[in-house]
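# Notes for the structure review
Given next are the chains, with one letter for each unit.
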Amino acid sequence: MARPPQFERSEVLEKATQLFWERGYRGASVSDLVKATGLLPGSIYASFGNKEGLFIACLEHYAAQADGLRSQWESDSSPLTILRNFFFAIVGMATEGEGGRGCFLVNASLECDESESAIRSKVRDCMAGNEAWIRDQLDAARQVGELSEATNTARLAGCLTGAMFGFRVMSRAQEDPDKIRDVATTTFDSLVTPWQQVAV
């Protein structure tokens, strides 16, 4: 019986993610992935099924990094502060950390068509997970009195999610970082502050 491939999965996924992020799903060949990850083609197929399977695993890896980002503020007693910190951390990634490459999830959504349904489904799942987390924070903020009881947290979560991904599209278009930060501040305050004032 053949021995299973031995490698550090997270390290391989990070290297593959960076390659896909730079070249796109279609622009990165299996040969490119072999060079980037150090895996043999057989190990890639044995571990991930095919290039699409590896790409989907990279989307999951990328989304998991957002989970780690959120955990930095879990000890904060204010749900709205947790949400604000995360929102502006994403803005910071758009203006500083992504090097004009845009969001990996957004890029995948724009590149892949309906023929790549598994990829599009995974992108939707990752985006939905992000929106669900935002709604959880808004629900918690409403429960502790930071937001009005009348706050439609589902609608507000959708607006904030759309804004966050929009900022990352702006970064890919090489918009001025100061402009992105200004738009982000105005967006967050315009969407959230009115419900805070009603709660007070």
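A brief structural summary. Note that the structure is predicted; figures quoted are calculated from it, not measured.

### Describing the packing of helix α4 (residues 51–71) against helix α6 (residues 104–111)
- Running from amino to carboxyl end, α4 crosses α6 at an angle of 145°, the nearest separation of the two axes being 10 Å. From α4, F55, C58, L59 and Y62 reach across to α6, where they touch F104, L105 and A108.
- Here the residues of the contact of α4 with α6 are counted per class, giving 7 nonpolar, no polar and no charged.

### What to know about the nonpolar core
- Counting 29 residues, the largest nonpolar core has F20, L54, F55, L59, F104 and I119 as the members making the most contacts within it.
- At the level of secondary structure, the elements contributing two or more residues to this core comprise α1 (9–23), α3 (41–48), α4, α6 and α7 (117–143).
- The biggest single contributor to this core is α4, with 7 residues.
- Grouped together as the second largest cluster of nonpolar side chains are 25 residues, L69, I82, F87 and A184 included.

### Overview of the environment of G145
- Of note, G145 is situated in the loop between α7 and α8 (153–172).
- C-alpha separation for the pair G145 and R120, spaced 25 residues apart in sequence, amounts to 38 Å.

### Digging into α4
- Here α4 is 21 residues long and its end C-alpha atoms lie 31 Å apart, about the 30 Å a rise of 1.5 Å per residue gives.
- You can read the cap of α4 off the contacts: a side-chain oxygen lies 3.2 Å from the backbone nitrogen of E52, and it is on N50.

### Quick notes on the packing of α1 against helix α2 (residues 30–37)
- Remark: α1 packs on α2, axes separated minimally by 9 Å, with the N-to-C direction vectors making an angle of 135°. Viewed along their axes, α1 and α2 adopt a mutual orientation that is oblique. Here the hand of the crossing between α1 and α2 comes out right-handed. In contact with V12, K15, A16, L19, F20 and R23 of α1, α2 contributes D32, L33, A36 and T37.
- Of the residues assigned to the contact of α1 with α2, the class counts are 6 nonpolar, 1 polar and 3 charged.

### Comments concerning the state of the cysteines
- In the structure shown here, the tally under the stated rule is 0 disulfides.
- Cysteine C112 shares no disulfide, and the gap to the nearest cysteine sulfur, in C58, comes to 12 Å.
- Accessibility expressed as a relative area gives 2% for C112, which makes it buried.
- With no disulfide of its own, C126 lies 9.5 Å from the sulfur of C103, the closest cysteine sulfur.
- Overall, the relative accessible area of 13% leaves C126 in the buried class.

### What about the pattern of salt bridges?
- In this structure the tally under the stated criterion is 13 salt bridges.
- We note a salt bridge from K122 to E60, for which the minimum N-O separation is 2.9 Å. Here the residue K122 occupies a position in helix α7, and E60 occupies one in helix α4, the gap between them amounting to 62 residues.
- For E60, a relative accessible area of 38% puts it in the partly exposed group.

### What about the layout of surface pockets?
- If you add up the space inside the largest pocket, you get close to 290 Å³.
- Taken together, 18 residues make up the lining of the largest pocket; nearest its centre are Y62, A63, A66, R70 and N130.
- Elements that contribute at least two residues to the lining of the largest pocket include exactly α4, α5 (79–97), α7 and α8.
- When residues in the lining of the largest pocket are grouped by element, the largest group, 7 residues, is from α4.
- For the lining of the largest pocket, a count of residues per class yields 12 nonpolar, 3 polar and 3 charged.
- The volume enclosed by the second largest pocket comes to roughly 180 Å³.
- If you trace the second largest pocket, you find 14 residues lining it, with F20, W21, G24, N107 and R172 closest to the centre.
- The set of elements that each furnish at least two residues to the lining of the second largest pocket consists of α1 and α6.
- Here the residues of the lining of the second largest pocket sort into 6 nonpolar, 3 polar and 5 charged.

What counts and what doesn't
Residues numbered from 1 in each chain as written. Predicted model: local features only at pLDDT ≥ 70, side-chain atom pairs only at ≥ 80, totals over all residues. Heavy atoms only, no water. Axes fitted to C-alpha atoms, helices over the stretch in contact; angles between N-to-C directions. Helix = DSSP H or I, 4+ residues; strand = E, 2+ residues; numbered from the N terminus. Contact = heavy atoms within 4.5 Å. Nonpolar A, V, L, I, M, F, W, Y, C, P; charged D, E, K, R; others polar. Core = buried A, V, L, I, M, F, W, Y, C linked by side-chain atoms within 4.5 Å. Buried < 20%, exposed > 50% of the residue type's maximum accessible area, 1.4 Å probe, protein only. Expected span 1.5 Å × (residues − 1). Polar contact = N/O pair within 3.5 Å; in protein donor to acceptor, adjacent residues only side chain to side chain. Parallel < 35°, antiparallel > 145°, perpendicular 65-115°, else oblique. Left-handed = near helix turned anticlockwise from the far one by under 90°. Disulfide = S-S within 2.5 Å. Salt bridge = Lys/Arg side-chain N within 4 Å of Asp/Glu carboxyl O. 1 Å grid on protein atoms, 1.4 Å probe; cavity = no way out; pocket = protein on both sides within 12 Å on 5 of 7 lines; lining within 4 Å. Points joined across faces, edges and corners; volume = space filled by probe spheres on them.

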